[in-house]
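# Fold and geometry: a report
The chain contents come next:
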Amino acid sequence: ISDNLVRFAYIDSEENLPASNYLLSPLRGLMAVWLVLCGFAAAMYYKSDEEAKLFIWIEPERRFFLALAYILCVLFIAGITVLSALAISGGFISFRAELVNMLLLILAASGFCNLLRLLCKNMYLIAVFMPVSLISMIVLSPIFADAGLRKLQLLNPVFYYLNLFYSKGYRFGFIIYIILLYVLGLAADRLLAGMQR
């Protein structure tokens, strides 16, 4: 037999996926969770810098965008690391798909971590919620197995990212999810700013 016995493809297209992607799929999921961990670390560092009054010269209305930029800078570097690891391990599908999906994950992770930063009063509370969030992401993402808890999985950025590689139909939902994270973050920022006046 000259062809493979099993053919991997997207649900909604005829594009073939290399079989190695299926075997290395836990690596992709774990690296995505690691990227979110980097976002949490960035949020903690921002909170620490904020408590040290390093951003006192910036208007309070603009600090929301500063925090996003702070977290995004860290996540872009982490994203390059994840893409490099996937390329070295042979888990790369295509440059375009990897780049677009990684950018969406970076935007989602920054919005998610920034929202958690706003909801936590200090960096120690972020440190408390961080392991719970990361374990939940591993359980609710199809890294090793699909838990089937769809309503909870839809709150998880890693779930969307992993499913983008098997069904392009998740892209629209992921974009809506990212927009909601940023809208909720901005609303929480304005609400907290109003309470502090």
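The preceding data block contains the structure.
Below, the structure is looked at part by part.

Rules and cut-offs
- Residues numbered from 1 in each chain as written.
- Predicted model: local features only at pLDDT ≥ 70, side-chain atom pairs only at ≥ 80, totals over all residues.
- Heavy atoms only, no water.
- Salt bridge = Lys/Arg side-chain N within 4 Å of Asp/Glu carboxyl O.
- Helix = DSSP H or I, 4+ residues; strand = E, 2+ residues; numbered from the N terminus.
- Buried < 20%, exposed > 50% of the residue type's maximum accessible area, 1.4 Å probe, protein only.
- Expected span 1.5 Å × (residues − 1).
- Axes fitted to C-alpha atoms, helices over the stretch in contact; angles between N-to-C directions.
- Parallel < 35°, antiparallel > 145°, perpendicular 65-115°, else oblique.
- Left-handed = near helix turned anticlockwise from the far one by under 90°.
- Contact = heavy atoms within 4.5 Å.
- Nonpolar A, V, L, I, M, F, W, Y, C, P; charged D, E, K, R; others polar.
- Core = buried A, V, L, I, M, F, W, Y, C linked by side-chain atoms within 4.5 Å.

### Points about the pattern of salt bridges
Scanning the model with the defined rule gives three salt bridges in all. The partner of Arg28 in a salt bridge is Glu98, and the shortest N-O contact between them spans 2.8 Å. Pair noted here: Arg28 is in helix H2 (residues 25-51) and Glu98 is in helix H4 (residues 95-119), with a separation of 70 residues, a long-range link. Assigned by exposure class, Arg28 and Glu98 land together as buried. For the salt bridge of Asp189 with Arg190, the shortest nitrogen-to-oxygen distance reads 2.6 Å. Asp189 gets classed as buried once you look at its relative accessible area, which sits at 10%. Arg190 sits in the partly exposed class, given a relative accessible area of 37%.

### Quick look at H4
With 25 residues, H4 ought to run about 36 Å at 1.5 Å a step, and its terminal C-alpha atoms sit 36 Å apart, in line with that. For H4, the tally of buried residues reaches 18 of 25 residues, placing the bulk of the element in the interior.

### Describing the packing of helix H3 (residues 63-89) against H4
When two helices pack together, you describe them by how their axes are tilted relative to each other and by the distance separating the axes. Two elements in contact, H3 and H4, have axes separated by 9 Å at closest approach and are oriented at 140°. Here H3 is positioned oblique relative to H4, judged by the angle of their axes. The way H3 lies across H4 gives a crossing that is right-handed. Of the residues in H4, those in contact with Phe64, Ala67, Leu68, Ile71, Leu72, Leu75, Phe76, Gly79, Val82, Leu83 and Leu86 of H3 are Glu98, Leu99, Met102, Leu103, Ile106, Leu107, Ala109, Ser110, Cys113, Asn114, Arg117 and Leu118. Looking at the contact of H3 with H4 residue by residue, the class counts come to 18 nonpolar, three polar and two charged.

### Digging into the nonpolar core
Ranked by size, the top nonpolar core spans 49 residues in total, and within it Leu35, Val36, Phe40, Met102, Tyr161 and Phe174 carry the most contacts. Secondary-structure elements contributing two or more residues to this core are H2, H3, H4, helix H5 (123-140), helix H7 (157-164) and helix H8 (170-196). Considering each element in turn, this core owes the most residues, eleven residues, to H4.

### Observations regarding unusual backbone geometry
With a phi angle near 65°, Lys53 is a residue other than glycine that sits in the positive phi range. Mapping Lys53 onto the fold places it in the loop between H2 and H3.

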